[in-house]
Amino acid sequence: MIHKYTLFGYNIVLDVESGAIHIVSEIAMKIIDFFEAMLEKNNFGEMPEECPVDIRYFLAKYESSEIKDTYAELLELYKENMLFSKPDDIKLNYNESTPVKALCLNAAHECNMMCEYCFAGKGDFGLDNGEKKLMDEETGINAIKFLMKNSKSRKNLEVDFFGGEPLLNFDAVKNILSTTRELEKEYNKNVRFTLTTNGTLLDDEKTDFINKNISNIVLSLDGVKETNDTMRKYNDGQGSYSDIVPLYQKLVEQRKDKKYKDYYIRGTFTKKNLNFAKDVIHMRELGFINVSVEPVVAEESCDYAITKEDLPVIFKEYELLAREIIKRERKQENTFNFFHFNIDLENGPCVYKRSKGCGSGSEYLAVTPNGDVYPCHQFVGNEKYKLGSVNSSEAVLRTELMQGFYDNNITTNETCKKCWAKYFCGGGCPANNEKFSGGIYTPYETACEMEKKRVECAIAIKAVLSSLN
């Protein structure tokens with residue numbers, strides 16, 4: 001399978017299975033169409049060594065020697081399995097040795113903000129009749145022990161403190177992390193911590209703790225003041241921009257001198273700010289290098305929801321961002337990382353790794369303040385997908401449901417099998433599939449189209465910059 005397209009004046013061909021990327025001429029783009037038709041006709045067997053007459057006939061406006069030479073080059077790529085390469089025949093089977101690699105600890109089902117688009121029901125995830133809850137240390141430590149026991153032979157693990165707002169439960173976060181460091185020695189594990197916060201509760205103590213102990217910090221900000229304050233509001237309706245920006249700037253600046261330096265400014269764009277490229281650029285102007293801006297997850301009945309009709313505008317914004325990155329990289333001035341354009345194009349697709357996507361429901365799980373286990377933070381509150389509890393004596397999980405998540409991958413999903421972007425996407429988000437398509441196995445088409453555009457832009461950035469070296 002291949003995917004070919006033209007962007008920023010470059011003709012780009014991606015060989016899906018090998019991961020090879022080719023920048024080709026106009027004539028090559030045309031010959032590839034004939035090439036593909038012939039391969040399908042002879043069931044991807046041997047190709048003629050000489051360029052067939054029918055190709056030369058249909059491309060009569062080109063020099064015959066150019067046609068033959070280009071055909072020979074494409075034929076050589078085919079022989080080297082760098083064009084129309086065949087997929088590996090692999091099967092991913094869930095079994096008792098499949099490790100749990102990561103946990104999302106919902107340290108707080110409570111929040112001091114009322115973000116309009118919040119998928120977590122303003123912090124409580126719609127659980128317990130809206131009662132606010134904080135995770136106690138015992139439950140948190142039970143979750144860590146559960147992870148270490150169920151990670152099998154895997155040594156490197158991930159834990160994300162999430163919410164609601166986890167800093168509302170700061171003491172528990174500190175103590176859970178401290179106990180984890182002790183348990184690492186007992187279980188011979190290494191845990192990498194992430195914390196996601198709205199930033200409003202940051203102070204010197206919390207900032208210092210985070211920069212000394214948290215490997216990756218995710219800081220919520222939607223962009224310029226107007227964009228951010230339209231959606232990200234305190235309970236009294238006031239916007240948060242003016243409070244959090246200086247706190248983020250201080251944290252990131254101090255982080256440069258610490259052991260842990262990773263961070264992302266993480267925003268959400270909606271129908272109300274489809275021109276989100278300006279928000280990304282603004283965040284760079286604030287001094288933030290690592291930026292992630294995600295499309296909102298919302299029912300189409302919401303006035304801020306993204307629909308298929310919005311895709312052309314969104315695609316133009318991604319292209320605008322890509323052009324901005326290229327311009328800055330060429331000048332080596334005010335460069336920045338846009339999360340969705342950071343894809344590995346150097347080593348080809350790792351079939352096993354990329355086939356499973358995010359691993360939710362099997363390798364990645366979420367734990368609520370009560371100790372209940374769900375496939376991921378976006379499934380929390382959906383009782384249909386409740387897997388078990390870390391507070392039960394045996395911590396028995398619904399392995400048949402976990403197997404269903406594990407088995408839903410790009411090697412088994414018929415829609416994903418045929419998609420050129422499958423190795424970059426890993427099958428998409430099961431939670432979004434469930435929300436918008438009625439089940440985890442049916443890809444959410446609007447999200448798929450956005451992902452494909454992001455991948456095209458990411459590849460084009462690499463192509464342009466490589467051609468300039």
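Model, not experiment: these values are computed from the prediction.

Here we look at the overall build of the protein chain
In terms of regular secondary structure, the protein chain is built from 16 helices and 15 strands. A globule of 469 residues ought to have a C-alpha radius of gyration of about 23 Å, and the protein chain, at 24 Å, matches this closely. If one aligns the C-alpha atoms of the protein chain with their principal axes, the spans along those axes are about 75 × 50 × 45 Å. When contacts within the protein chain are restricted to residue pairs at least 6 apart in sequence, long-range pairs at least 24 apart make up 71% of them. In the form shown here, the protein chain has an accessible surface area of approximately 21,600 Å², with 46% of it arising from carbon and sulfur atoms.

Considering the packing of aromatic side chains
Using the criterion set out here, one finds 17 aromatic pairs in the structure. Put simply, the rings of Phe269, Phe276, Tyr318, Phe338 and Phe341 touch in pairs and so form one group of aromatic residues. Across the ring face of Phe170, the terminal group of Lys206 is positioned such that the distance to the ring centre comes to 5.2 Å. Of note, Lys435 hangs over the ring of Phe436, and the distance from its end group to the ring centre comes to 6.0 Å.

Notes on the pairing of strand E2 (residues 10-15)
For a regular strand, side chains alternate in direction, first toward one face of the sheet and then toward the other. In terms of burial, E2 is largely enclosed, as 5 of its 6 residues are buried. Hairpin connection from strand E1 (residues 2-7) to E2: 2 residues lie between these consecutive antiparallel strands, with Phe8 at a positive phi of about 55°. Pairing analysis gives 4 bridges linking E2 to strand E3 (residues 21-24), with the strands arranged antiparallel. Residue pairing for E3: Leu14 is matched across the bridge by Ile21.

A few points about the nonpolar core
Ranked by size, the top nonpolar core spans 112 residues in total, and within it Leu105, Phe161, Leu221, Phe269, Phe338, Phe341 and Leu365 carry the most contacts. Filtering out sequence-adjacent residues up to four positions away, Leu105 remains in contact with Met135, Gly140, Ala143, Ile144, Val159, Asp160, Phe161, Phe162, Ile176 and Val367. Ile32, Met47, Ile55 and Leu77 belong to the second-largest nonpolar core, a separate cluster that totals 24 residues.

Some points on the environment of Cys358
Mapped onto the secondary structure, Cys358 falls in the loop between helix H11 (351-355) and strand E13 (364-367). On the accessibility criterion, Cys358 (52% relative accessible area) is exposed. Remark: the alpha-carbon pair of Cys358 and Lys384, spanning 26 residues in sequence, is separated by 20 Å. With residues up to four places along the chain from it excluded, the contact list for Cys358 reads Tyr364 and Pro430.

With respect to the pattern of salt bridges
For the structure on display, the rule yields 30 salt bridges. Note that Asp303 and Lys272 form a salt bridge whose closest N and O atoms lie 3.8 Å from each other. Highlighted residues: Asp303 in the loop between strand E11 (290-295) and helix H10 (311-331) and Lys272 in the loop between strand E10 (262-269) and helix H9 (277-285), separated in sequence by 31 residues. Overall, Asp303 belongs to the partly exposed group, its relative accessible area being 49%. Of the residues examined, Lys272 reaches a relative accessible area of 43% and is grouped as partly exposed. Arg398 is paired through a salt bridge with Glu400; the nearest N and O atoms lie 3.5 Å apart. Connected via shared salt-bridge partners are Glu158, Arg192 and Asp262.

What counts and what doesn't
Residues numbered from 1 in each chain as written. Predicted model: local features only at pLDDT ≥ 70, side-chain atom pairs only at ≥ 80, totals over all residues. Heavy atoms only, no water. Helix = DSSP H or I, 4+ residues; strand = E, 2+ residues; numbered from the N terminus. Rg over C-alpha atoms; globule rule 2.2 N^0.38 Å. Contact = heavy atoms within 4.5 Å. Areas by Shrake-Rupley, 256 points an atom, 1.4 Å probe, with all protein chains shown as cover. Phe/Tyr/Trp six-rings, centres within 6.5 Å; stacked < 30°, edge-to-face > 60°. Lys NZ or Arg CZ within 6 Å of the ring centre and 35° of its normal. Buried < 20%, exposed > 50% of the residue type's maximum accessible area, 1.4 Å probe, protein only. Pairing = 2+ DSSP bridges. Core = buried A, V, L, I, M, F, W, Y, C linked by side-chain atoms within 4.5 Å. Salt bridge = Lys/Arg side-chain N within 4 Å of Asp/Glu carboxyl O.

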